[in-house]
Amino acid sequence: MNDRAKMAAILKEFRRRYGNEREYGRPFETLIRTIISQRNTDVSTDKVSKRLFSVARTPEQLVRLPLKRLQSILKPAGTWRQKAKYIHSVSVIILERGNVPRTRHELMALPGVGPKTADIVLMYGFGIPSIAVDTHVNRIPRRLGLVSEKAKIHEVKEALERITPKKDWHVVNHGFVSFGQMVCRAVNPRCSTCPFLEFCPFGRKRIRRSRKT
Ligand code: SF4
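Owing to the predicted nature of the structure, the values given are computational and were not obtained by experimental measurement.

**Observations regarding helix 9 (residues 135–143)**
Along an α-helix, residues three or four apart share an orientation, since each turn contains 3.6 residues.
Piece 1. The buried count for helix 9 comes to eight of nine residues, which makes it a mostly enclosed element.
Piece 2. Of the positions making up helix 9, those classed as buried are His-136, Val-137, Asn-138, Arg-139, Ile-140, Pro-141, Arg-142 and Arg-143.
Piece 3. Its buried side turned inward, helix 9 meets helix 3 (42–55), helix 10 (153–163), helix 11 (169–182) and helix 12 (201–212).
Piece 4. Between the side-chain oxygen of the N-cap and the backbone nitrogen of His-136 there are 3.1 Å, and the N-cap of helix 9 in question is Asp-134.

**Notes on the nonpolar core**
Piece 1. Formed by 28 residues in total, the largest nonpolar core has its most connected members in Leu-31, Ile-32 and Leu-62.
Piece 2. Elements with a minimum of two residues in this core: helix 2 (27–37), helix 3, helix 5 (67–74), helix 6 (80–97) and helix 8 (115–126).
Piece 3. For Leu-31, the residues in contact, after removing those within four places along its chain, are Val-90, Ile-94, Val-100, Leu-110, Val-113, Thr-117 and Val-121.

**Focus: a positive patch on the surface**
Piece 1. A surface patch of like charges, here positive, comprises Arg-204, Lys-205, Arg-208, Arg-209 and Lys-212.
Piece 2. By secondary structure assignment, the location of Lys-205 is in helix 12.

**Quick word on the packing of aromatic side chains**
Piece 1. The final tally for this structure, using the stated rule, is six aromatic pairs.
Piece 2. Arranged with centres 6.0 Å apart and planes meeting at 45°, the rings of Phe-14 and Tyr-18 form a pair that is tilted. Within this pair, Phe-14 and its partner Tyr-18 are both found in helix 1 (residues 3–18), separated by four residues, close to a single helical turn.
Piece 3. Ring centres of Phe-14 and Phe-196 lie 6.0 Å apart, and the angle between their planes is 75°; this geometry places the pair in the edge-to-face category.

**Looking at the site of the ligand**
Piece 1. Neighbouring the ligand are Arg-143, Leu-144, Cys-184, Pro-189, Cys-191, Cys-194, Leu-197, Cys-200, Phe-202 and Gly-203.
Piece 2. In this structure the site holding the ligand corresponds to the largest cavity.
Piece 3. Class assignment of the residues belonging to the shell around the ligand gives a composition of eight nonpolar, one polar and one charged.

**Focus: the environment of Trp-169**
Piece 1. Looking at the secondary structure, you find Trp-169 in helix 11.
Piece 2. Considering only alpha carbons, one finds Trp-169 and Gln-181, twelve residues apart in sequence, at a separation of 19 Å.
Piece 3. Setting aside its immediate chain neighbours within four residues, Trp-169 contacts Pro-129, Ser-130, Ile-131, Glu-161 and Thr-164.

**Description of helix 3**
Piece 1. A rise of 1.5 Å per residue sets the reference length of helix 3, with its 14 residues, at 20 Å; its end C-alpha atoms lie 20 Å apart and thus fit the reference within 8%.
Piece 2. Where helix 3 is concerned, the buried positions are Ser-44, Thr-45, Val-48, Ser-49, Leu-52 and Phe-53. Taken down its axis, helix 3 places every buried residue within 145° of arc, on the same side. Across helix 3 from its buried face, at more than 90 degrees, point the exposed residues Val-43, Lys-47, Lys-50 and Ser-54.
Piece 3. The secondary structure elements touched by the buried residues of helix 3 are helix 2, helix 4 (59–64) and helix 5.

**Looking at the side chain of Asn-40**
Piece 1. Relative to the helices and strands, Asn-40 is located in the loop between helix 2 and helix 3.
Piece 2. Among the polar contacts made by the side chain of Asn-40, one reaches the main-chain carbonyl oxygen of Ile-36 at a distance of 3.4 Å.
Piece 3. With near-sequence residues (within four places) excluded, Asn-40 lies in contact with Thr-45, Pro-76, Ala-77 and Lys-83.

**Brief notes about the packing of helix 9 against helix 11**
Piece 1. Running from N to C, helix 9 and helix 11 point in directions that differ by 80°, and their axes come no closer than 8 Å. What the angle tells us is that helix 9 and helix 11 run roughly perpendicular. Listed contacts from helix 11 to His-136, Val-137, Arg-139, Ile-140 and Pro-141 of helix 9 are Phe-176, Val-177, Phe-179, Gly-180 and Gln-181.
Piece 2. Of the residues contributing to the contact of helix 9 with helix 11, the split by class is six nonpolar, three polar and one charged.

Basis of the calculations
Residues numbered from 1 in each chain as written. Predicted model: local features only at pLDDT ≥ 70, side-chain atom pairs only at ≥ 80, totals over all residues. Heavy atoms only, no water. Buried < 20%, exposed > 50% of the residue type's maximum accessible area, 1.4 Å probe, protein only. Helix = DSSP H or I, 4+ residues; strand = E, 2+ residues; numbered from the N terminus. Contact = heavy atoms within 4.5 Å. Polar contact = N/O pair within 3.5 Å; in protein donor to acceptor, adjacent residues only side chain to side chain. Core = buried A, V, L, I, M, F, W, Y, C linked by side-chain atoms within 4.5 Å. Patch = residues over 30% accessible without salt bridge, like charges linked within 9 Å, V, L, I, M, F, W, Y side chains within 5 Å. Areas by Shrake-Rupley, 256 points an atom, 1.4 Å probe, with all protein chains shown as cover. Salt bridge = Lys/Arg side-chain N within 4 Å of Asp/Glu carboxyl O. Lys, Arg positive; Asp, Glu negative; His and termini not counted. Charge placed at Lys NZ, Arg CZ, Asp CG, Glu CD. Phe/Tyr/Trp six-rings, centres within 6.5 Å; stacked < 30°, edge-to-face > 60°. Near = heavy atom within 4 Å. 1 Å grid on protein atoms, 1.4 Å probe; cavity = no way out; pocket = protein on both sides within 12 Å on 5 of 7 lines; lining within 4 Å. Sits in = over half its atoms within 2 Å of the grid points. Nonpolar A, V, L, I, M, F, W, Y, C, P; charged D, E, K, R; others polar. Expected span 1.5 Å × (residues − 1). Arc of directions from axis to C-beta. Axes fitted to C-alpha atoms, helices over the stretch in contact; angles between N-to-C directions. Parallel < 35°, antiparallel > 145°, perpendicular 65-115°, else oblique.

What follows is the structure, given as structure tokens:
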């Protein structure tokens, strides 16, 4: 099975499990939430974002929020001093320019915004096709042998974009994230019940090893 055929099988399964449609919009909230998610768990990101947006969700409101209050809300998300600085600076810039930038290049010029954050804002904030390489998208395609184990992050992105039709890029993002949380977890992946075991080198090796012990 070649990589394109593997990817087609993966996308079909992701659509069956998680659906095809995603909600897009709210670029500013997507941007702030993604800064909160940096080096943080999904559960903590959800909690902290909810708390912050219940207090301030627009650039105006965030700029007015006292720094101490912002820091205290961000504490459970880790690296909270840095994140508070980024969120305040980003809010000032967005307030001044009047909108969230719509290009990867302009997004990456904002404080605290790297390639992953920029790609997530494009995809989920604006609905512009873009594959964001987060921890799940970085881990699972390597296990599946779709990219080399030694590939750099930008090479993972390029490989996935090469073997996936552009109209399906949004399925790659939300599919790998949901699959990585439930099945192909970082620790103890559920290989024995995984629908991709047949063509997954990592999973097959793991199962072989467990049979020997
Ligand atoms: Fe992940 Fe295991 Fe499935 Fe491979 S077989 S994709 S390692 S859960």
